[in-house]
Amino acid sequence: MFDGKKLYQSLSLLGSLSLAFTIPWIVFKVCRAIHLKRNYNALLGKVVLITGASSGLGEALAHEFYKQGCQVVLCARRRQELERVRTELLQTHPTVPTIPPIVHPLDLSDINTLPSHVDKILAVTGKIDILINNGGISHRGSVLATQPDVDIKIMLTNYFGSAALTKAVLPSMIKNKSGHVVFISSIQGLMALPERSAYSASKHAMQAFSDSLRAEVAIHNISVTVVSAGYIKTELSRNALTGSGGKHGEMDAATESGYAPGYVATEVGRAVVQKKKEILISTLVPRIGVFLRKYLPSVYFYVMEKRAQKHSF
Ligand SMILES: NC(=O)c1ccc[n+]([C@@H]2O[C@H](COP(=O)([O-])OP(=O)(O)OC[C@H]3O[C@@H](n4cnc5c(N)ncnc54)[C@H](OP(=O)(O)O)[C@@H]3O)[C@@H](O)[C@H]2O)c1
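Below is a short write-up of the structure. (Residues numbered from 1 in each chain as written. Predicted model: local features only at pLDDT ≥ 70, side-chain atom pairs only at ≥ 80, totals over all residues.)

Tracing the chain through its elements places Gln147 in the loop between β5 (139–140) and α5 (148–176). As for Gln147 and Glu81, which are separated by 66 residues in sequence, their C-alpha atoms are 29 Å apart. (Helix = DSSP H or I, 4+ residues; strand = E, 2+ residues; numbered from the N terminus.)

Here it is as structure tokens:
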């Protein structure tokens, strides 16, 4: 028989229980939002050096940090493109006060020149609060067909260049007893793909370097964030080097359908203000790949073998 009283008691118990969980959850969310806002406010006036700022993700990162009131130092090889980004930043974001971006061309692969570049930047800005190691090139070609010079060029730019720049910036961060170093790695820093040996190797090296670094510099109040990103819709595949050192020159389908650079830049910005040690920005399939590589390597080896046989980029 229908017992209205019992139903009423059950419903009110359910209501009380859900309130007991919902209210703390809402309070937690509000506190987190306030905390996050406060952290974003702390970015005001920070000096952020971004490599690879002339295009793609680096350009989007310049927008992300500039609009938060940071002084961005835009680095890459092409001065004209850096000037374009600088003009667009000034035109797009009416920041108050306006801290004009600094254009500073440099070549990451010219590692011995990087300390003097850092000295010149410090002479203007006085400090570097956040270093974003983003500049890089990719690779298309089998191990056999890739000349050792190409391997060296990719490692020099992606790994040795970022490592040398970090070493040049660190003493000033240690002196200031604060700093943040960000490495833009890739899913391919966690899981290698065929036809990308040099690129994957450079990103794996970057991952390992940053883990050592993080442990060493924590005592100096310096944070290290590694960003392992999936495909982003940028010029990366067009600029990728082939085995003979030429440009791949094509927009791959996976890159074409990748994340918008602005979305990834926002995620990186949030990771920095939250001082995250690592983040993974990816769709489900690459995440499964990373899982397989770690926990079921024989399945991963099989899938990669099949992929290599298809010779698909
Ligand atoms: N696109 C993706 O699917 C994807 C996915 C995961 C991770 N990433 C990473 O994201 C980062 C940015 O790449 P992107 O996707 O934005 O590609 P992108 O549009 O080709 O940009 C690469 C940037 O790196 C700079 N660069 C290349 N060689 C350099 C050198 N020797 N010295 C200084 N700067 C150099 C380029 O500037 P100049 O040519 O003016 O020097 C350019 O600004 C890279 O580290 C890449 O590995 C990309």
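The next subject is the sheet that holds strand β3 (residues 102–103). Pairing within the open sheet is parallel, and its 7 strands lie in the order β3-β2-β1-β4-β6-β7-β9. Two strands close off the open sheet at either side, each with one partner strand: β3 and β9 (278–281). When strand β7 (residues 222–229) meets β9, the two strands line up parallel, connected through 4 bridges. Across the sheet, residue Val227 finds its bridge partner in β9, namely Ile279. Along the sheet, α5 contacts β1 (47–51), β4 (130–133), β6 (179–184) and β7; its crossing angle with β4, the most-contacted strand, is approximately 170°. (Pairing = 2+ DSSP bridges. Contact = placed C-beta atoms within 7 Å. Axes fitted to C-alpha atoms, helices over the stretch in contact; angles between N-to-C directions.)

Burial along β4 is two-sided: Ile130 and Ile132 and Leu131 and Asn133, pointing in opposite directions, are all buried. Of the pairings in the sheet, the one linking β1 to β4 comprises 3 bridges and is parallel in character. Bridge assignment links Ile50 to a residue of β4, and that residue is Ile132. As paired elements, β4 and β6 share 4 bridges and run parallel to each other. The residue of β6 that forms the bridge with Asn133 is Phe183. (Buried ≥ 20, exposed ≤ 12 C-beta atoms within 10 Å, placed from the backbone.)

With that settled, consider unusual backbone geometry. In this structure, Asn221 takes a positive phi of about 65° despite not being glycine. Turning to its location among the elements, Asn221 is positioned in the loop between α6 (197–217) and β7. Of the residues examined, Asn221 has 13 C-beta atoms within 10 Å and is grouped as partly exposed. For Lys275, which is not glycine, the phi dihedral falls at a positive 50°.

Here we take up the site of the ligand. The ligand sits among 30 residues. The nearest are Gly52, Gly56, Arg77, Gly136 and Thr234. Contributions of two or more residues to the shell around the ligand are made by α2 (56–67) and α7 (236–239). In terms of residue count, the dominant contributor to the shell around the ligand is α2 (3 residues). Of the residues contributing to the shell around the ligand, the split by class is 9 nonpolar, 16 polar and 5 charged. (Near = placed C-beta within 6 Å. Nonpolar A, V, L, I, M, F, W, Y, C, P; charged D, E, K, R; others polar.)

With respect to burial, β6 is a largely interior element, 6 of its 6 residues being buried. Of the two faces of β6, the one lined by Gly179, Val181 and Phe183 and the one lined by His180, Val182 and Ile184 are each fully buried. Across 6 bridges, the pairing between β6 and β7 is parallel. Bridge pairing in β7 links Phe183 to Val226. On the question of chirality, the crossover connecting β6 to the parallel β7 by way of α6 is right-handed. (Right-handed = clockwise from strand over helix to strand, strands pointing away.)

Formed by 57 residues in total, the largest nonpolar core has its most connected members in Val48, Leu49, Ile50, Ala62, Leu74 and Val182. In terms of residue count, α5 provides more of this core than any other element does, 7 residues in total. Membership of the second largest hydrophobic core comes to 8 residues, among which are Ile137, Val150, Leu236 and Ala240. (Core = buried A, V, L, I, M, F, W, Y, C linked by C-beta atoms within 7 Å.)

Running from N to C, helix α10 (residues 284–295) and helix α11 (residues 297–310) cross one another at 125°; their axes reach a closest spacing of 5 Å. Here α10 is positioned oblique relative to α11, judged by the angle of their axes. Along its contact with α10, which presents Gly289, Leu292 and Arg293, the element α11 presents Pro297, Val299 and Tyr300. When grouped by side-chain class, the residues that make up the contact of α10 with α11 number 4 nonpolar, 1 polar and 1 charged. (Parallel < 35°, antiparallel > 145°, perpendicular 65-115°, else oblique.)

The N-to-C vectors of α2 and helix α9 (residues 261–273) enclose an angle of 55°; their axes lie 8 Å apart at closest approach. As judged from the angle between their axes, α2 and α9 are oblique. The handedness of the crossing between α2 and α9 is right-handed. Residues Gly56, Leu57, Glu59, Ala60, Leu61, His63, Glu64 and Phe65 of α2 form the contact with α9, whose own contacting residues are Pro261, Gly262, Val264, Ala265, Thr266, Val268 and Gly269. (Left-handed = near helix turned anticlockwise from the far one by under 90°.)

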